[in-house]
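Remarks on the overall topology
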Amino acid sequence: MYNFYLFPEAIGGIDTRFTMQASSVQFLTQYKFDFNKMMYEGISFLNKSQENRLKDYLRANSGFSSNLTDAHQALLRKYCSKIARWLIHAKEDDVFTLEKHLEDGEVELSNEVLHRILINRIDNIWPQPSADNVLIVEKVSPNKRAELMEHWSVGETDYEKSLESYRGFTNVIDHVIKKKKVMVGHNLYLDLMLIYDKFIDYLPKSYQEYKERLHSCFPHIYDTKYMALQLRKEFDDTVHSYDATSLSELHAAMADPKCTTALLFPPTVAMAVSHIKDDECRQSNEIETDTLGNIHEAGYDSYMCGLVFLRLAHLVTINKLEPALSAHPISFYDYEHHIAPFKNHVNLIRATLHNICLDGADPEHNRTDRLFIKAKKSALLRPEEVSFLLSSYGAVDISKISQNKAVVIVSNQICARRILEAFQSHDKYAVVRYNPWRHSILANRILWTGAILSAGICTLALIRNVKKQLLS
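Small disclaimer: the values here were computed from a predicted structure and weren't measured. (Residues numbered from 1 in each chain as written. Predicted model: local features only at pLDDT ≥ 70, side-chain atom pairs only at ≥ 80, totals over all residues. Heavy atoms only, no water.)

**Points about helix H11 (residues 224-231)**
With respect to burial, H11 is a largely interior element, 6 of its 8 residues being buried. Residues Thr 224, Lys 225, Tyr 226, Met 227, Ala 228 and Leu 231 constitute the buried set of H11. Where the residues of H11 are buried, they touch strand E4 (183-185), strand E5 (221-223), helix H12 (247-255), helix H15 (298-320), strand E6 (345-347) and strand E7 (355-357). Its side-chain oxygen 3.0 Å from the backbone nitrogen of Lys 225, Asp 223 forms the N-cap of H11. (Buried < 20%, exposed > 50% of the residue type's maximum accessible area, 1.4 Å probe, protein only. Helix = DSSP H or I, 4+ residues; strand = E, 2+ residues; numbered from the N terminus. Contact = heavy atoms within 4.5 Å. Polar contact = N/O pair within 3.5 Å; in protein donor to acceptor, adjacent residues only side chain to side chain.)

**What about the pairing of strand E3 (residues 134-139)?**
The buried fraction of E3 amounts to 6 of the 6 residues, a majority that puts the element mostly inside the structure. Where burial is concerned, the two faces of E3 agree: the one with Val 134, Ile 136 and Glu 138 and the one with Leu 135, Val 137 and Lys 139 are both buried. Bridge count between strand E1 (residues 95-99) and E3: 5 bridges; the pairing is antiparallel. Bridging from a neighbouring strand, Leu 98 pairs with Leu 135 of E3. The pairing of strand E2 (residues 125-128) with E3 spans 4 bridges and is antiparallel. Within E3, the position partnered with Ile 125 by the bridge is Lys 139. In this structure, the hairpin formed by E2 and E3 is closed by a connection of 5 residues. (Pairing = 2+ DSSP bridges.)

**Digging into the sheet that holds strand E10 (residues 405-410)**
Read from one edge to the other, the open sheet built from 4 strands follows the order E9-E10-E8-E11, with strand pairing classed as antiparallel. Looking along the sheet, the strands with just one partner apiece sit at the ends: strand E9 (396-400) and strand E11 (429-433). Along the sheet, successive strands turn relative to each other by an average axial angle of 25 degrees, direction set aside. Contacts from helix H18 (residues 413-422) reach strand E8 (370-375), E9, E10 and E11, with the element oriented near 140 degrees to E11. (Axes fitted to C-alpha atoms, helices over the stretch in contact; angles between N-to-C directions.)

**Brief notes about the sheet that holds E2**
Strands sit in the order E1-E3-E2 across an open sheet of 3 strands; the sheet is antiparallel. What marks the edges here is a single partner per strand, and that holds for E1 and E2. The sheet shows a mean angle of 30 degrees between the axes of neighbouring strands, taken without regard to direction. Running at roughly 150 degrees to E1, helix H4 (residues 70-89) makes contact with E1, E2 and E3 of the sheet.

**A word on the side chain of Lys 100**
Within the secondary structure layout, Lys 100 lies in the loop between E1 and helix H5 (111-121). Here Lys 100 is in contact with Tyr 79, Glu 108, Leu 109, Asn 111, Leu 114, Asp 132, Asn 133, Val 134 and Leu 135, once residues within four sequence places are set aside.

**Brief notes about the pattern of salt bridges**
In this structure the tally under the stated criterion is 9 salt bridges. As a salt-bridge pair, Asp 93 and Lys 144 come within 3.7 Å of each other at their nearest N and O atoms. In this pair, Asp 93 is assigned in the loop between H4 and E1 and Lys 144 in helix H6 (residues 142-151), connecting sequence segments 51 residues apart. Between Glu 385 and Arg 382 there is a salt bridge, with its nearest N and O atoms 3.4 Å apart. (Salt bridge = Lys/Arg side-chain N within 4 Å of Asp/Glu carboxyl O.)

**Points about unusual backbone geometry**
For Asp 93, which is not a glycine, the phi torsion comes out positive at approximately 75 degrees. Of note, the phi angle at His 296 is positive, near 75 degrees, even though the residue is not glycine. Within the secondary structure, His 296 is located in the loop between helix H14 (279-284) and H15. Judged by relative accessible area, which is 39%, His 296 ranks as partly exposed.

**A look at the nonpolar core**
With 30 residues, the main nonpolar core has Met 227, Leu 231, Tyr 242, Leu 312, Ile 339 and Phe 342 as its most contacted residues. When contributions to this core are tallied by element, the ones reaching two or more residues are H11, H12 and H15. Ranked by the residues each element gives to this core, the list is headed by H15, at 13 residues. Non-local contacts of Phe 342, meaning those with residues more than four positions away in its chain, are made with Ile 221, Tyr 222, Tyr 226, Met 227, Gln 230, Leu 231 and Val 316. (Core = buried A, V, L, I, M, F, W, Y, C linked by side-chain atoms within 4.5 Å.)

**A short note on the packing of H11 against H15**
For the pair H11 and H15, interaxial distance at closest approach is 10 Å and the crossing angle is 35 degrees. In this structure, the crossing between H11 and H15 has a hand that is left-handed. The segment H11 lies against H15, with Thr 224, Met 227, Ala 228 and Leu 231 engaging Cys 305, Val 308, Phe 309, Leu 312, Ala 313 and Val 316. (Left-handed = near helix turned anticlockwise from the far one by under 90°.)

**Describing the packing of aromatic side chains**
Here the structure, examined in full by the defined rule, presents 15 aromatic pairs. Taking 4.9 Å as the distance between ring centres and 75 degrees as the angle between the ring planes, the aromatic pair formed by Phe 33 and Phe 35 counts as edge-to-face. With centroids separated by 5.7 Å and ring planes inclined at 55 degrees, the aromatic side chains of Phe 169 and Phe 199 adopt a geometry described as tilted. One end of the pair, Phe 169, is in the loop between helix H7 (156-167) and helix H8 (170-179); the other, Phe 199, is in helix H9 (residues 189-200), with 30 residues separating them in the sequence. Owing to a relative accessible area of 12%, Phe 169 belongs among the buried residues under this scheme. Note on Phe 199: relative accessible area 10%, which makes it buried. Pairwise contacts between aromatic rings join Tyr 2, Phe 4, Phe 45, Phe 169 and Phe 199 into one cluster. (Phe/Tyr/Trp six-rings, centres within 6.5 Å; stacked < 30°, edge-to-face > 60°.)

**Considering the confidence of the model for the protein chain**
Confidence in the prediction of the protein chain, expressed as mean pLDDT, is 82, and 85% of residues score 70 or more. Averaged pLDDT values over the elements of the protein chain bottom out at 47 in H14 and peak at 97 in E5. Across residues 280-291, confidence stays below pLDDT 50; counting only partners more than four residues off in sequence or on other chains, it has 17 contacts. (pLDDT = per-residue confidence, 0-100.)

**Looking at a nonpolar patch on the surface**
Together, Leu 462, Val 466 and Leu 470 make up an exposed nonpolar region whose accessible area comes to about 320 Å². A relative accessible area of 55% places Leu 462 in the exposed class. (Patch = residues over 30% accessible without salt bridge, like charges linked within 9 Å, V, L, I, M, F, W, Y side chains within 5 Å. Areas by Shrake-Rupley, 256 points an atom, 1.4 Å probe, with all protein chains shown as cover.)

**Overview of the packing of H4 against H5**
Axis separation between H4 and H5 bottoms out at 12 Å; the angle between their running directions is 60 degrees. The angle between H4 and H5 places the two elements in the oblique class. Relative to H5, the crossing made by H4 is right-handed. Of H5, the residues touching H4 (which contributes Gln 73, Leu 76, Tyr 79, Cys 80 and Ile 83) are Leu 114, Ile 117, Leu 118 and Arg 121. (Parallel < 35°, antiparallel > 145°, perpendicular 65-115°, else oblique.)

Written out as structure tokens, the structure reads:
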């Protein structure tokens, strides 16, 4: 497993802004996220709009010096000082090799960028092609430099080379898109939006356009959260049953010996020896779960998600195959055929839809995981208090609709049932299932308006009828 630390680079007017929530930072710190590595060694990335903007900037500013950060300028001064000291005693055609060792706080510049800056800043040298970890320059005569300058120009190839250093991790995503690789994630709705926005292009204004563009990039997406929720009833009362559908708990259920021993040829994930942290496990090839990484670490979560996906796919496949056919190793192509109904369905939490379909129409709005809560005795309802009381039963969102009433959106039916049972005789709050005709303010206004209009029309008709009788 390998964790890629990403961090946007400020260049050519592209200066990404982002916010940090205190609770999120605490969460990452709890699970030992390396903020220093992200800041100092993070890989850059660009989406298409940013790349086009940067390409225009590169054409107009071949020297880059106007956009260098303080850290870049400090590094450049250090390199120029070393070259200047060498030039004092150097003769024409002498070559100087400078090894680029970064110290704390220094930020590297690519050789392409360095070459252009040095050509513009120092008159009697010429950079030579070199490896990324060294910088090679030659002392040249004015005539030779003039000759080299005549043949030197910043062409499209140079721009592409410079762009490569700034595109960074975008190259990995481009490769995944080009090869049409299967993408697997757990509850990955937000992850897909982030991947699209950061590596492909800014999110379209239209939801339908977003779905179409995303599907054209990633035509084979599987959400293990959606799969687990759909398959839970199918595996009830079997050795493969599971209750919770969080990634860590699903992984524990799928990796349980009770599950694996009951399967014929269960799929396994072989770990490279170099990635096994514990020396004893490395020597014995017995891999314990907690030696591989930390929960909520990107690489380890990917490993757990991949294992859960393979085991669920295997369970689905062997349940649909004839016993004689399941008594041999099953290929991934067999898995794909039998898990096709789950492809391109992405789970949603706390929404009117249970899931969205990326390659077709979304299912109908049939989610009923909403509750109505009312403070008794006309007391004021405090959302923070309600949230604290209900959070122990599952994830909830509170939407206050009046001084003493609120709608509670819960994560699933199990959470809703637990809340209803717990609040049957609560002394302060009454909780019932949400009914839009009874609890929606808009629906109540429409009903009252209709009732008032109906009463008015009936009254007017009655008055006219009475007048007619009196006149006759």
